[in-house]
Amino acid sequence: MSDPIRSAPPAPDDTILALENVSKFFGKVIALNGVTLRLKRGEVHCLLGDNGAGKSTLIKTLAGVHTPSSGEYLVDGKPVRFGSPKEALDLGIATVYQDLALVPLLSVARNFFMGREPQKKRFGFINVMDLDLAAETSRARLSEMGINVRDAHQPIGTMSGGEKQCLAIARAIHFGARVLILDEPTAALGVKQSFNVLKLIHTARAKGISVIFITHNVHHAYPIGDSFTLLNRGKSMGTFTKDTITKNEVLDMMAGGAEMQEMMNELEGAPA
Ligand SMILES: Nc1ncnc2c1ncn2[C@@H]1O[C@H](COP(=O)(O)OP(=O)(O)OP(=O)(O)O)[C@@H](O)[C@H]1O
Ligand SMILES: [Mg+2]
């Protein structure tokens, strides 16, 4: 295992996004405490940590939902201070949240375009949505990414959790994301559906998109991750590239290693 990034020199040019020594306070709660995270172009960077570690706070900071209490946020090496998620999106930083922000009663196609539907003229002068073109385009784009939808006019509520997660990711890719931030996209999914989401993360990387993949699950993170940042109670335990850390070492750090073992031993010795 190599030294973590904490004492590293300034971020190199291949860094697309960086948080430098960022803290975030909510009143007396310290959600992030001096965290440095650097995302390289074209990498899948996994952010791992237990409940309450600060993962969602970190990605909301990247997504422009929160502003850091202190520290710096840089995009392409330039400091930024986003006033809203739209400003982050305009720079190609797309976030897929756990609750997905899809509209269940609207069709797959409408959810894919979400306000950006193609238009056509009715009676030669009234602009209306071209729903057939929207359905055909979304079906084709989803199919290119390995997601097969029979009829894109069907309500999105009829799709499975995994399919919805894939649709939200595919939408971000289609609309030109350079950075894709995924907050626990596999948390509520079974094996097959998780696999489909992981495959799509692979596809995103193959298209040159940089990905931040938040998860509790080392078995999901390790096979597709290029680097791993571990958060613990608001602090970074370091960033490790795949060639410097084994899966078991990541598992140990996640579980608190010796601390966890001690608790398990105590449990084993306790009277039933
Ligand atoms: N808007 C907020 N106001 C007050 N406290 C907050 C707010 N958002 C997060 N926190 C606190 O900050 C800490 C980190 O929370 P966060 O949601 O970032 O953790 P997490 O790693 O995403 O956890 P989980 O795995 O449960 O999703 C927690 O103690 C949480 O209660
Ligand atoms: Mg969270």
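Everything that follows concerns the structure shown earlier in this document.
Attention in this report is confined to the structure presented alongside it.

Rules used throughout
Residues numbered from 1 in each chain as written. Chains lettered and ligands numbered in written order. Predicted model: local features only at pLDDT ≥ 70, side-chain atom pairs only at ≥ 80, totals over all residues. Heavy atoms only, no water. Pairing = 2+ DSSP bridges. Helix = DSSP H or I, 4+ residues; strand = E, 2+ residues; numbered from the N terminus. Buried < 20%, exposed > 50% of the residue type's maximum accessible area, 1.4 Å probe, protein only. Arc of directions from axis to C-beta. Contact = heavy atoms within 4.5 Å. Expected span 1.5 Å × (residues − 1). Near = heavy atom within 4 Å. Polar contact = N/O pair within 3.5 Å; in protein donor to acceptor, adjacent residues only side chain to side chain. Areas by Shrake-Rupley, 256 points an atom, 1.4 Å probe, with all protein chains shown as cover. Patch = residues over 30% accessible without salt bridge, like charges linked within 9 Å, V, L, I, M, F, W, Y side chains within 5 Å. Salt bridge = Lys/Arg side-chain N within 4 Å of Asp/Glu carboxyl O. Phe/Tyr/Trp six-rings, centres within 6.5 Å; stacked < 30°, edge-to-face > 60°. Lys NZ or Arg CZ within 6 Å of the ring centre and 35° of its normal.

**Details of the pairing of strand E8 (residues 126–129)**
Next, step 1: Here strand E7 (residues 119–122) runs beside E8; their pairing, made up of four bridges, is antiparallel. When the sheet's bridge partners are listed, Lys 120 is paired in E8 with Val 128.
Next, step 2: Hairpin connection of E7 to E8: three residues between the antiparallel strands, including Phe 123 at a positive phi of 55°.

**Section: helix H8 (residues 247–254)**
For the α-helix, the turn length of 3.6 residues means that residues three or four positions removed from each other point alike.
Next, step 1: Among the residues of H8, Val 250, Met 253 and Met 254 are the ones counted as buried. Buried residues of H8, viewed axially, fall in a sector of 100°; they line one side.
Next, step 2: Looking at the buried side of H8, the elements it contacts are strand E3 (44–49), helix H7 (218–224), strand E11 (227–232) and strand E12 (235–241).

**What to know about helix H4 (residues 131–144)**
Next, step 1: Given a rise of 1.5 Å per residue, 14 residues ought to cover 20 Å, and the 20 Å separating the end C-alpha atoms of H4 matches this to within 8%.
Next, step 2: Taken together, the buried positions of H4 are Ala 134, Ala 135, Thr 137, Ser 138 and Leu 142.
Next, step 3: If you follow the buried residues of H4, they end up packed against helix H3 (108–113) and helix H5 (161–174).
Next, step 4: After H4 finishes, the residue Gly 146 shows a positive phi value of roughly 80°.

**Observations concerning the sheet that holds strand E5 (residues 78–79)**
Next, step 1: Pairing is antiparallel in the open sheet, where four strands are placed in the order E2-E1-E4-E5. Sheet topology places strand E2 (29–40) and E5 at the edges, where each strand pairs with a single neighbour.
Next, step 2: Sheet topology note: the strand E4 (residues 70–75)/E5 ladder contains two bridges and is antiparallel. By the bridge assignment for E5, Val 75 is matched with Lys 78.

**A short note on the site of ligand 1**
Next, step 1: The full set close to ligand 1 counts 13 residues, and Gly 52, Gly 54, Lys 55, Ser 56 and Thr 57 are the nearest of them.
Next, step 2: Contacts to ligand 1 include Asn 51, whose side-chain N or O atom sits 3.0 Å from an oxygen atom.
Next, step 3: For ligand 1, an oxygen atom lies 3.1 Å from a polar atom in the backbone of Ala 53.
Next, step 4: Isolated, ligand 1 exposes 630 Å² of accessible area, and the fraction of that covered by the protein chains is 59%.

**Quick word on a nonpolar patch on the surface**
Next, step 1: On the surface, a nonpolar cluster with roughly 380 Å² of combined accessible area is contributed by Phe 123, Phe 125 and Ile 126.
Next, step 2: Looking at the secondary structure, you find Phe 123 in the loop between E7 and E8.
Next, step 3: For Phe 123, a relative accessible area of 66% puts it in the exposed group.

**Some words on the packing of aromatic side chains**
Next, step 1: Following the criterion strictly, the structure yields five aromatic pairs and no others.
Next, step 2: Measuring from ring centre to ring centre gives 6.0 Å for Phe 112 and Phe 175, while their planes differ by 45°; the resulting arrangement is tilted. In this pair, Phe 112 sits in helix H3 while Phe 175 sits in the loop between H5 and strand E9 (179–183), placing the two residues 63 residues apart along the sequence.
Next, step 3: For Phe 112, a relative accessible area of 0% translates into the label buried.
Next, step 4: Residues Tyr 222 and Phe 228 carry aromatic rings whose centres are separated by 5.3 Å and whose planes lie at 10° to one another, so their mutual orientation is stacked.
Next, step 5: The class of Tyr 222 is buried, set by a relative accessible area of 16%.
Next, step 6: Classification of Phe 228 as buried rests on a relative accessible area of 0%.
Next, step 7: Among the aromatic side chains, those forming a connected cluster through ring pairs are Phe 112, Phe 113 and Phe 175.
Next, step 8: Geometry around Tyr 222 places Lys 242 over its ring, the cationic atom sitting 5.0 Å from the centre.

In short, geometric facts, not functional conclusions.
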